[in-house]
Protein chains: 2
Amino acid sequence: MSDFVRIVEVGPRDGLQNEKTIIATADKIALINRLSATGLPVIEATSFVSPKWVPQLADAADVYRGITKRSGVDYPVLVPNLQGYERAREVGVSHIAVFSAASESFNRKNINASIEESLARFAPVMVRARADGVRVRGYVSTVLGCPYQGDVDVADVVRVASALHQMGCEEVSLGDTIGTGTPTKARAMLRAVAGEVPMKALAVHFHDTYGQALANILACIEEGVRVVDAAVSGTGGCPYAKGASGNVATEDAVYMLHGMGMSTGVDLDSLVDTGRWLAALLGRETSSKVTRARSPDA
Amino acid sequence: MSDFVRIVEVGPRDGLQNEKTIIATADKIALINRLSATGLPVIEATSFVSPKWVPQLADAADVYRGITKRSGVDYPVLVPNLQGYERAREVGVSHIAVFSAASESFNRKNINASIEESLARFAPVMVRARADGVRVRGYVSTVLGCPYQGDVDVADVVRVASALHQMGCEEVSLGDTIGTGTPTKARAMLRAVAGEVPMKALAVHFHDTYGQALANILACIEEGVRVVDAAVSGTGGCPYAKGASGNVATEDAVYMLHGMGMSTGVDLDSLVDTGRWLAALLGRETSSKVTRARSPDA
C-alpha cells in the first residue's frame, strides 16, 4: 500500500465558513498562498454559495481570482447549485465540490430537501462539469451521526457515496460532521463504502468535536484510505454540533502521518507557522496541539 | 481478546502534581470519592514523595486516610524510596507504584542517578512490599522520546520494563512522558515489550501534548493491551515537556472505548460531571473535548 497520503486542506472553506471573525479578502488570499507554499497538494479555496447563507465567503470570486495558482496544486471550490457553478466558472474554476448529507433529517432541516432531491439538484451541475472538463469532488456529511436523527445507517452512507461517484465525482469525501464517530465505526463505514466505490476514490473528513479525529484517521488509514481532509489550526466546527472544536488540525494530522513513516509532501514547520499566523488573525488560540506544543511560550 | 479495558485513573496523582493551583486536602478527597463513584476500578490516589519535591502532594497521608475505600476499587500510591514506602504503610497503603525512565539522560537530569541506580534504589522497597503482601505497579517513563536525548531506543524500554517486572511489579505502565509518540512507534514499542513481559501485565500511559494520545491508545488496544492510564479532565502535563497538554482525558478515552464496543465499567456522564467539577476547582477549562462538547454553553 502506498505510503503517500494526500492532504486536502479545507481550512479556507470549511474552516473559515464556521468562524465568527470575518477575515479580509486579502488575508484569505494570503492564507491560501501560504498554504500552497507548505507543499499541500489540494486547497479548497472558497465556496460559491449565496452570500446570504455564508457571509464569510461572499468574496469567493475575488479570493479565487486573487490567489497565486501554484503549479501542481489543486484549488477546488464548493458549489451548491448551477448558479454557484456559473459564478465559479466566470473566474476560471476547474475543480468543484458538491455535497449531500447521508442523513435524511439533516438534509431536510438544513436545505429543505430530501437526499434524492439534493442529489437531483446537482445533476445539471454534473452535466455541465463533464462538458466543461471540470473535475468534481463529492462530500457526504453526517456519515457517523446526525444532530437530528442520531445514528445514521451505514447503508445510507453507501447509497449517497455511490450516487455521487456514479454521477461523476472523481473523489468522495466521507465526513463526520458532528465529530461523534469512533474508530471501529469509522472503519466499518469506510469498508462498507469501499465495497461500492474504489478506495482510491475515497477521502475521510473528521471533525474533532469529541477528540476522536486522529484515532478515526488512523483507523481509516489502516483500512486503506490515502486522502485525508484537514484544516490548518483546526478552524471551523459545525454550527449544528455542540462544542468549540472544528476540523481536525492539519498540523496534528501531518505530525501523526509523518511519525508513522508516511509522506505528505507538506513541510510541517511551515504549516505550523501558517497555523499560528491564522490563529492570530482570528484572534483565538490555535486548536492544533502540535502548534501549541511548539510555541516558544509553552 | 477481552473487550474489557481497565482504566487506571491517574488524575489525583500524575494530573494534580503538575497543576499549579494548589488544591485543598478535602477537595482531593472529594475528587477521589467522586471518581470511585463513576465505576473506575483503579485510582492512583497520591504520591509519598518528599513534600519538598511536590508541594501539591504534601498531604499524601491525610488524603489517603480521608478517602472512602470503596470495595473493589484499588488505590495505589506512588513511592520514590523506602522512606516514602514507610510513610505510605503507616496509613495502611496496600498497593504502591515505583518508577524509572527508559532514557538514561532523563534519569540523570531528574533524579541524578543512572537507570541501574534508580532500579537498585527500589530493590529494598520491593523486598519489603513482598514481605508485607503489598502489590506493586511499575512506571517506565520516556518510552517514546526524551526531552534531553530525543529518541529512546526500544531496547532500553524493554530492558527497564523487564527489570521492573522481574523485581516484582505485577503491572508495568509504559509512559510517553512528553507526548511526542505516534501510533506506529507506540505499537512497535508495545510489541517489543510484550515479547519480554506478558501483555496482561502491561499498561499504556499517554500524554496528549501533540494530540496523539487517543490514536496511540487505539494502536495499543489493537495490539492487545487492556489497561489504559488516563486523567479526568486531562490534567497534568510534564514540566519538562512544552505545551499545555497533560494526560489524555479519561472522558475522551472512555468515550472512544465505549464507541468501539469495549466496556470499562465507567459511567461516562458521571465522569464528565466530575471532570467539569475539577476544572472549576482548578480554575481552568477542561482539556476533555467530550466534556466541552457536552457543555450546556457549547
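Just so we're clear, the structure is a prediction, and the values are computed from it rather than from any experiment.

## As for the overall build of chain A
Here is step 1 of the chain: Summing up its helical and strand segments, chain A has 12 helices and 9 strands in all.
Here is step 2 of the chain: Against the globule reference of 19 Å for 298 residues, chain A gives a C-alpha radius of gyration of 17 Å, in line with a compact fold.
Here is step 3 of the chain: Its C-alpha atoms put chain A at 50 × 45 × 35 Å along the principal axes.
Here is step 4 of the chain: When each of the 298 residues of chain A is scored for burial, the buried share is 61%.
Here is step 5 of the chain: For chain A, the proportion of contacts with a sequence separation of at least 24, taken over those separated by at least 6, is 76%.

## Considering the relation of the copies chain B and chain A
Here is step 1 of the chain: For the pair chain B and chain A, the relating rotation is 180°, the translation along its axis is 0.0 Å, and the fit reaches an RMSD of 0.0 Å. Such a turn and shift between the copies fits a two-fold axis. Identified as the residue of chain B closest to the rotation axis by C-alpha distance is A215(B), at 2.0 Å.
Here is step 2 of the chain: Most of the interface of chain B is mirrored in chain A, where 100% of its interface residues are also at the interface.

## What about the pattern of salt bridges?
Any two side chains of opposite charge can pair, so long as their charged atoms come close to each other.
Here is step 1 of the chain: Taken as a whole and assessed by the stated rule, the structure comprises 44 salt bridges over all chains.
Here is step 2 of the chain: Ionic pairing is found between E222(B) and R187(A), a salt bridge with its closest N-O pair at 2.4 Å. Of this pair, E222(B) sits in helix α9 (residues 213-223) while R187(A) sits in helix α8 (residues 183-194), placing the two residues on different chains.
Here is step 3 of the chain: Ionic pairing is found between D269(B) and R294(B), a salt bridge with its closest N-O pair at 2.6 Å. Highlighted residues: D269(B) in helix α11 (residues 268-282) and R294(B) in the segment after α12 (289-293), separated in sequence by 25 residues.
Here is step 4 of the chain: On the basis of relative accessible area, R294(B) is assigned to the partly exposed category, the value being 30%.

## Let's talk about unusual backbone geometry
Residues and elements named next belong to chain A.
Here is step 1 of the chain: Even without glycine at this site, N112 takes up a positive phi of about 55°.
Here is step 2 of the chain: You can see N112 is positioned in the loop between α5 (104-111) and α6 (115-132).
Here is step 3 of the chain: With a relative accessible area of 68%, N112 lands in the exposed category.

## A closer look at the interface of chain B and chain A
Here is step 1 of the chain: Contacts between the two partners involve 30 residues from chain B, matched on the other side by 30 residues from chain A.
Here is step 2 of the chain: At the junction of chain B and chain A, the tally comes to 4 salt bridges.
Here is step 3 of the chain: Inspection of the region where chain B meets chain A yields 10 residue pairs in polar contact (both at pLDDT 80 or more).
Here is step 4 of the chain: Where the side of chain B that touches chain A is concerned, the elements lending two or more residues are α8 (183-194), α9, α10 (250-259) and α12 of chain B.

## Looking at the environment of A113(A)
Residue and element names in this part refer to chain A.
Here is step 1 of the chain: Residue position: A113 is located in the loop between α5 and α6.
Here is step 2 of the chain: For the pair A113 and R191, spaced 78 residues apart in sequence, the C-alpha separation works out to 28 Å.
Here is step 3 of the chain: Ignoring any residue separated from it by four or fewer positions in sequence, one finds A113 in contact with N107, R108, S118 and R121.

## Structural notes on helix α5 (residues 104-111) of chain B
Here is step 1 of the chain: Between the side-chain oxygen at the start of α5(B) and the backbone nitrogen of S105(B) there is a gap of 3.3 Å, and the oxygen is on S103(B).
Here is step 2 of the chain: Following α5(B) by one or two positions, N112(B) adopts a phi angle in the positive range, close to 55°.

## Some words on the nonpolar core
Here is step 1 of the chain: In terms of nonpolar packing, the biggest core is built from 179 residues, with I96(A), V98(A), L174(A), I96(B), V98(B) and L174(B) touching the most fellow members.
Here is step 2 of the chain: Excluding anything up to four places from it in sequence, V98(A) contacts V79(A), F122(A), V125(A), M126(A), V136(A), R137(A), G138(A), Y139(A), L164(A) and C169(A).

## Remarks on the sheet that holds strand β1 (residues 6-9) of chain A
Residues and elements named next belong to chain A.
Here is step 1 of the chain: Taken together, 9 strands build an open sheet; the order of strands is β2-β1-β9-β8-β7-β6-β5-β4-β3 and the sheet is parallel. The sheet terminates laterally at β2 (42-43) and β3 (46-47), the two strands that pair on one side only.
Here is step 2 of the chain: Both strand β4 (residues 77-78) and strand β5 (residues 95-101) contribute to a ladder of 2 bridges, which runs parallel. The residue bridging V77 from the neighbouring strand is I96, located in β5.

## What about α6(A)?
In an α-helix there are 3.6 residues to a turn, and that puts residues three or four apart on one side.
Residues and elements named next belong to chain A.
Here is step 1 of the chain: With 18 residues, α6 extends 26 Å from end C-alpha to end C-alpha; this agrees with the ideal 26 Å at 1.5 Å per step.
Here is step 2 of the chain: Where α6 bends most, the angle comes to about 30°, and this point is A123, followed within four residues by the proline P124.
Here is step 3 of the chain: Restricting attention to buried positions, one finds in α6 the residues I115, S118, L119, F122, V125, M126 and A129.
Here is step 4 of the chain: Looking at the buried side of α6, the elements it contacts are α4 (82-90), β5, α5, β6 (135-141) and α7 (154-166).
Here is step 5 of the chain: Downstream of α6 by one or two residues, G133 has phi in the positive range, about 70°.

## Examining the confidence of the model for chain A
Here is step 1 of the chain: On average, chain A scores 94 in pLDDT, and the residues at 70 or more come to 96%.
Here is step 2 of the chain: Interface confidence in the predicted complex, given as ipTM, is 0.94; pTM for the same model is 0.95.

## Focus on the packing of aromatic side chains
Residues and elements named next belong to chain A.
Here is step 1 of the chain: Enumeration over the complete set of coordinates arrives at 6 aromatic pairs over all chains.
Here is step 2 of the chain: Judged by centre distance (6.0 Å) and plane angle (40°), the ring pair of F106 and Y148 falls under tilted. Here the residue F106 occupies a position in helix α5, and Y148 occupies one in the loop between β6 and α7, the gap between them amounting to 42 residues.
Here is step 3 of the chain: Exposure remark for Y148: the relative accessible area of 34% places this residue in the partly exposed category.

## Describing the sheet that holds strand β6 (residues 135-141) of chain B
All names here are of chain B.
Here is step 1 of the chain: The 9 strands are arranged β2-β1-β9-β8-β7-β6-β5-β4-β3 in an open sheet whose pairing can be described as parallel. Of all the strands in the sheet, the pair left with one neighbour each is β2 (42-43) and β3 (46-47).
Here is step 2 of the chain: Both β3 and strand β4 (residues 77-78) contribute to a ladder of 2 bridges, which runs parallel. Within β4, the residue paired with T46 across the bridge is V77.

## Some details on the environment of G11(A)
All names here are of chain A.
Here is step 1 of the chain: Positionally, G11 belongs in helix α1 (residues 11-15).
Here is step 2 of the chain: Spatially, the C-alpha atom of G11 lies 12 Å from that of H205, the residues being 194 residues apart in sequence.
Here is step 3 of the chain: Discounting residues that sit within four places of it in the chain, G11 has contacts with L16, A230, A231 and T235.

## Details of the pairing of strand β8 (residues 202-206) of chain A
Residues and elements named next belong to chain A.
Here is step 1 of the chain: With 5 of 5 residues buried, β8 is to be regarded as a mostly interior element.
Here is step 2 of the chain: Relative to β8, strand β7 (residues 171-176) runs parallel, the two being bridged by 5 bridges. When the bridges of β8 are listed, S173 appears paired with A203.
Here is step 3 of the chain: Handedness of the β7-α8-β8 crossover: right-handed.
Here is step 4 of the chain: For β8 and strand β9 (residues 227-230), the ladder comprises 2 bridges, and the chain directions are parallel.

What counts, and where the lines are drawn
Residues numbered from 1 in each chain as written. Chains lettered and ligands numbered in written order. Predicted model: local features only at pLDDT ≥ 70, side-chain atom pairs only at ≥ 80, totals over all residues. Heavy atoms only, no water. Helix = DSSP H or I, 4+ residues; strand = E, 2+ residues; numbered from the N terminus. Rg over C-alpha atoms; globule rule 2.2 N^0.38 Å. Buried < 20%, exposed > 50% of the residue type's maximum accessible area, 1.4 Å probe, protein only. Contact = heavy atoms within 4.5 Å. Least-squares fit on C-alpha atoms with pLDDT ≥ 70 in both. Salt bridge = Lys/Arg side-chain N within 4 Å of Asp/Glu carboxyl O. Polar contact = N/O pair within 3.5 Å; in protein donor to acceptor, adjacent residues only side chain to side chain. Core = buried A, V, L, I, M, F, W, Y, C linked by side-chain atoms within 4.5 Å. Pairing = 2+ DSSP bridges. Expected span 1.5 Å × (residues − 1). Bend = angle between axes of the 7 residues up to and from the residue. pLDDT = per-residue confidence, 0-100. Phe/Tyr/Trp six-rings, centres within 6.5 Å; stacked < 30°, edge-to-face > 60°. Right-handed = clockwise from strand over helix to strand, strands pointing away.

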